[in-house]
Amino acid sequence: RLRPSSSTRRQCLVSALADVLWRAGEEKQAIVAINSGRSHFTPVGHYSSERLLEKMTCFSVDNIKDLQVILEQHIEQYETGMLGCLLLTISAVLSRSVEKVREDMDLRTNTLIGAHGYCTQELVNLLLCGRAVSNVFDNDIELDSGNGDRTLLKGIKDQCQVGLLSLFEHYNICKVGAHLKSPYYPIWVVCSESHFSVLFGLQRELLINQDEVMDFDLYYYDGLANQQEEIRLTVSVGKLTQNLQEDDADLVPPLELCIRTRWKDALVSWNETEPIL
């Protein structure tokens, strides 16, 4: 099951992109941005060419089947093209609309791209749940600042199809809510060590049996590292691991710390794979 054909992988990518854009468009409409290969206008004045916007063409659709057809026709731009990430980001923003993206954020002046070109939490949430909210906890939190001033912090409103685990939670910088920790599918984007990777399982049961003693496998994939080998982790949860003591906290792989934000005191076996420190 973990070695699909190229055609299956491509079809899965089409379906995943369609889901992302359809959610961003509130399951009513979506916009797909593609590189047409020719310039539609000549940059002048303060606007200089960046080799994408002047060549971009957008397709607007009002049903997911048409969305999938368009993505299938241009999937090579997202699969192997140099501009795939930019095209996906632009498509998601336009599907949501610029105005709604601004309304989603805690502050309208927040951004989707932060320092050093990193994506912000707003962009991650836009792609995962269709709304560019600024936080990872469940629902909204209203803070009373005194003097009648109230601040609304916007979180995740519904269970997501794909979840999120964050090393920042281990360090008590944030609190990931159940909508992201317990997604519809056992798939999590992992925010750790300055970039994103993926952790997934093949058993839906691991999302349902919260407190039971159990062992299950999770698979890890880091696209940025050009990972080629399969990394399978066996996670043990239950009474036998509750008194787990670490001899040297610095030698605990960050990925294990992320896993323990979801399954407290879990014991992780790397199954003869060298742990990633």
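Residues numbered from 1 in each chain as written. Predicted model: local features only at pLDDT ≥ 70, side-chain atom pairs only at ≥ 80, totals over all residues. Heavy atoms only, no water.

**Things to note about a nonpolar patch on the surface**
How we decide: Only residues whose relative accessible area exceeds 30% and that form no salt bridge enter a patch; like-charged residues are grouped when within 9 Å of one another, and nonpolar side chains (Val, Leu, Ile, Met, Phe, Trp, Tyr) when within 5 Å. Accessible surface is estimated by sampling points in the Shrake-Rupley manner with a 1.4 Å probe; for residues, cover comes only from the protein chains shown. Salt bridge, as used here, is a side-chain nitrogen of Lys or Arg placed within 4 Å of a carboxyl oxygen of Asp or Glu. Each helix is a run of DSSP H or I of at least 4 residues and each strand a run of E of at least 2, with the numbering of both proceeding from the N terminus. Each residue is placed in one exposure class: buried if its accessible area under a 1.4 Å probe, protein chains only, is under 20% of its type's maximum, exposed if it is over 50%, and partly exposed if it falls in between.
On the surface, a cluster of nonpolar side chains totalling about 360 Å² of accessible area is made up of Phe168, Tyr171 and Ile173. Here Phe168 shows up in helix 7 (residues 167-170). With relative accessibility at 44%, the residue Phe168 sits in the partly exposed group.

**Some points on the pattern of salt bridges**
A full pass over the atoms with the stated rule returns 13 salt bridges. Across the pair Asp140 and Lys157 runs a salt bridge whose closest N-O atoms are separated by 2.9 Å. Of this pair, Asp140 sits in the loop between helix 6 (121-129) and strand 3 (141-146) while Lys157 sits in the loop between strand 4 (149-153) and strand 5 (163-166), placing them 17 residues apart in sequence. Overall, Asp140 belongs to the partly exposed group, its relative accessible area being 31%. We note a salt bridge from Glu256 to Arg260, for which the minimum N-O separation is 3.2 Å. Separated by 4 residues within a single helix, Glu256 and Arg260 lie in helix 10 (residues 254-262), roughly one turn from each other. Three or more residues are tied together by salt bridges with common partners; here these are Glu26, Arg96, Lys100 and Asp104.

**Remarks on the sheet that holds strand 9 (residues 231-237)**
Selection criterion: When DSSP finds two or more bridges between two strands, those strands count as paired. To get an axis, a line is fitted to the C-alpha atoms, and for a helix only the part in contact is used. The angle between two axes follows their N-to-C directions and goes from 0 to 180 degrees. In this description, contact between two residues means that some pair of their heavy atoms is separated by no more than 4.5 Å.
Taken together, 6 strands build an open sheet; the order of strands is 5-6-7-8-9-10 and the sheet is mixed. Pairing within the sheet leaves two strands with one partner each, and these edge strands are strand 5 and strand 10 (267-269). Each strand axis lies, on average, 30 degrees off the axis of its neighbour in the sheet, ignoring direction. Strand direction decides the pairing type here: strand 7 (residues 195-200) and strand 8 (residues 214-221), joined by 3 bridges, are antiparallel. Across the sheet, the residue bridging to Val198 is Tyr221, located in strand 8. This element, helix 10, spans strand 5, strand 6 (187-192), strand 7, strand 8, strand 9 and strand 10 of the sheet and lies at about 125 degrees to strand 6.

**Overview of the nonpolar core**
Going by this rule: Here, nonpolar core refers to any group of buried Ala, Val, Leu, Ile, Met, Phe, Trp, Tyr and Cys residues whose side-chain atoms link them within 4.5 Å.
Among the nonpolar cores identified, the biggest contains 30 residues, and Leu21, Val32, Leu67, Leu71, Tyr78, Leu112 and Leu126 are the most heavily contacted of them. If you tally residues by element for this core, the top one is helix 1 (residues 6-24), at 7 residues. If near-sequence neighbours (up to four positions away) are discounted, Leu112 is found in contact with Val93, Val101, Met105, Tyr118, Cys119, Thr120, Glu122, Leu123 and Ala132. Judged by nonpolar contacts, the second largest core, of 24 residues, contains Leu165, Met214, Leu257 and Trp263.

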